[in-house]
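Residue strings, one per chain:
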Amino acid sequence: MNKRSFLKISSALVTGAALSPLASCQPGEKQKNWAGNLEYSTDRVFNPGTVGDIQDLVKKYDKLKVQGTRHSFNKIADSTENLVSLKALDQIRIDKEAMTAVVGAGVNYGQLARRLYEEGYAVHNLASLPHISIAGACATATHGSGINNGNLSTAAVGLELVNGLGEISILTKEKDEEQFLGTLVGLGGLGIITRTVLAIQPTFNVRQDVFENLPLEQLKENFEAIMGAGYSVSLFTDWQKKNVSQLWIKRRVEEGALYKIPGEFFGAKLATRNMHPITALSAENCTDQMGVAGPWHERLPHFKMDFTPSSGVELQSEYFVPLEMGYEALLAVEELGAEIFPHLLISEIRTIDGDDLWMSTCYKRPSMAIHFTWKQDWPAVKALLPKIEEKLAPFNARPHWAKLFTMPPARIKELYEKLPDFQKLMTQSDPKGKFRNEFLDTNIFGA
């Protein structure tokens, strides 16, 4: 998509919205993030109705941060002065000729998926939860799963950004390749992304089969065969007894095709009921399994779109290692199993294809992600994370930008070869540092 097409579509999206009220701010009680572990540092939250309102805010205030859907577990989206909610930017436009969808920054994946499905389309992948915003997911390199599937931001082919001067900048992958690759996973530091253009494809169906109790040793010789057994594959473990408690395989299926699924897969047994990733919990809110085929958006996430996740019950950390080192990395973490288990709800193992996005956790390398869903005990988790990071250091593990980690800034700098270029890009796009905060000052600039 070229810039002229993008401008035409963007203009159509705001038709009828030009007279919306100016951005309002209603100070009150400070908000918390999705999990309840983080209270934002200000109660000033602006709710702009248009891109023009956002430009006015940027020009007026010295410090701003977009709060997104508040699914970050650290302070990447925090501000001590002004927060911005983009919920009003909820427009979606599908360009069937270009095979793209232009989405406002307030749109989440659940909203987009329903609209795409209604018109016969899909995106290449979805995260475990469909409740996160597209702009926020792209900015933090959030991912789904699949050896051949890039993270969610790899579907983007264009974006609209309000920079630190209040100017609108439109970038496309085709025309602005390097700047686009540096901006898309921007960690909220280059400006406010107001619209994203995503590549779409014809809709497809997926079936989901779950196997129980995969011996960890099976991954030694069969790692890529297991992780590549479906369009999207997840392993769940509590790091006990050298065992993977559940293996979720999501396969694309053709209408009318018959599939015979074996009762055993590398020693794991086919489940006879719908499962929750945490075996003891009810699967009521999980997407349908048992080989029942359904639309892509009702199978690729682990949880149903109408299910609103509870808050205040968990913490999350995640680390990305090179795919070819995946099994060895699992063994390294498994050595800490006895210390991890008392504080863990569940761990999930997924794979993601490599990409060229400068600050992506999968930059230039296909990756395996080791995810930890913790009980909400930050002192205990904070004491454990350095031990996990030490075990994963030989694999050059990169932490998820929006989750909890204790890795020092000096180490993070070693993991991103394009970091100096990203720093320059941040300075160019936001010369006064309006979008910088404690998290970016620490982890990107080392201040």
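The coordinates are above.
The structure displayed is predicted, hence computed values, not measured ones.

Asks: Can you explain the pattern of salt bridges? Please cite residues and give values.
Replies: Within the structure shown, the criterion is met by 17 salt bridges. Residue Glu-119 pairs with Arg-115 through a salt bridge whose shortest N-O separation is 2.9 Å. Residues Glu-334 and Lys-242 are paired through a salt bridge, measuring 3.2 Å at the closest nitrogen-oxygen approach. Of this pair, Glu-334 sits in helix α7 (residues 326–334) while Lys-242 sits in the loop between β13 (232–237) and β14 (243–253), and the two are 92 residues apart along the sequence.

Asks: Lay out the side chain of Asn-108 with the relevant residues and their values.
Replies: Topologically, Asn-108 is positioned in the loop between β6 (100–104) and α3 (109–118). The class of Asn-108 is buried, set by a relative accessible area of 18%. A distance of 3.0 Å separates a polar atom in the side chain of Asn-108 from the backbone nitrogen of Gly-110. Apart from residues lying up to four places away in sequence, Asn-108 is in contact with Pro-130, His-131, Ile-132, Ser-133 and Ile-134.

Asks: Kindly report on the environment of Leu-392, identifying the contributing residues and their values.
Replies: Mapping Leu-392 onto the fold places it in helix α9 (residues 378–392). Along the backbone, Leu-392 and Val-333 are 59 residues apart, and their C-alpha atoms lie at a distance of 7.4 Å. For Leu-392, the contacting residues outside a window of four places in its chain are Tyr-319, Val-321, Ala-329, Val-333, Ile-370 and Ala-397.

Asks: Account for empty space enclosed by the protein, with residues named and values stated.
Replies: Applying the stated rule across the entire model yields three cavities of 30 Å³ or more. If you add up the space inside the largest cavity, you get close to 60 Å³. Those elements that place two or more of their residues in the lining of the largest cavity are β14 and α7. Class assignment for the residues of the lining of the largest cavity results in six nonpolar, three polar and two charged. Approximately 40 Å³ is the volume found for the second largest cavity. Around the second largest cavity, the lining residues are Asn-125, Leu-126, Ala-127, Ser-128, Gly-144, Ser-145, Ser-232, Ser-234, Lys-250, Leu-300, His-302 and Arg-350. Residue composition of the lining of the second largest cavity, by class: three nonpolar, seven polar and two charged.

About the cut-offs
- Residues numbered from 1 in each chain as written.
- Predicted model: local features only at pLDDT ≥ 70, side-chain atom pairs only at ≥ 80, totals over all residues.
- Heavy atoms only, no water.
- Salt bridge = Lys/Arg side-chain N within 4 Å of Asp/Glu carboxyl O.
- Helix = DSSP H or I, 4+ residues; strand = E, 2+ residues; numbered from the N terminus.
- Buried < 20%, exposed > 50% of the residue type's maximum accessible area, 1.4 Å probe, protein only.
- Polar contact = N/O pair within 3.5 Å; in protein donor to acceptor, adjacent residues only side chain to side chain.
- Contact = heavy atoms within 4.5 Å.
- 1 Å grid on protein atoms, 1.4 Å probe; cavity = no way out; pocket = protein on both sides within 12 Å on 5 of 7 lines; lining within 4 Å.
- Points joined across faces, edges and corners; volume = space filled by probe spheres on them.
- Nonpolar A, V, L, I, M, F, W, Y, C, P; charged D, E, K, R; others polar.

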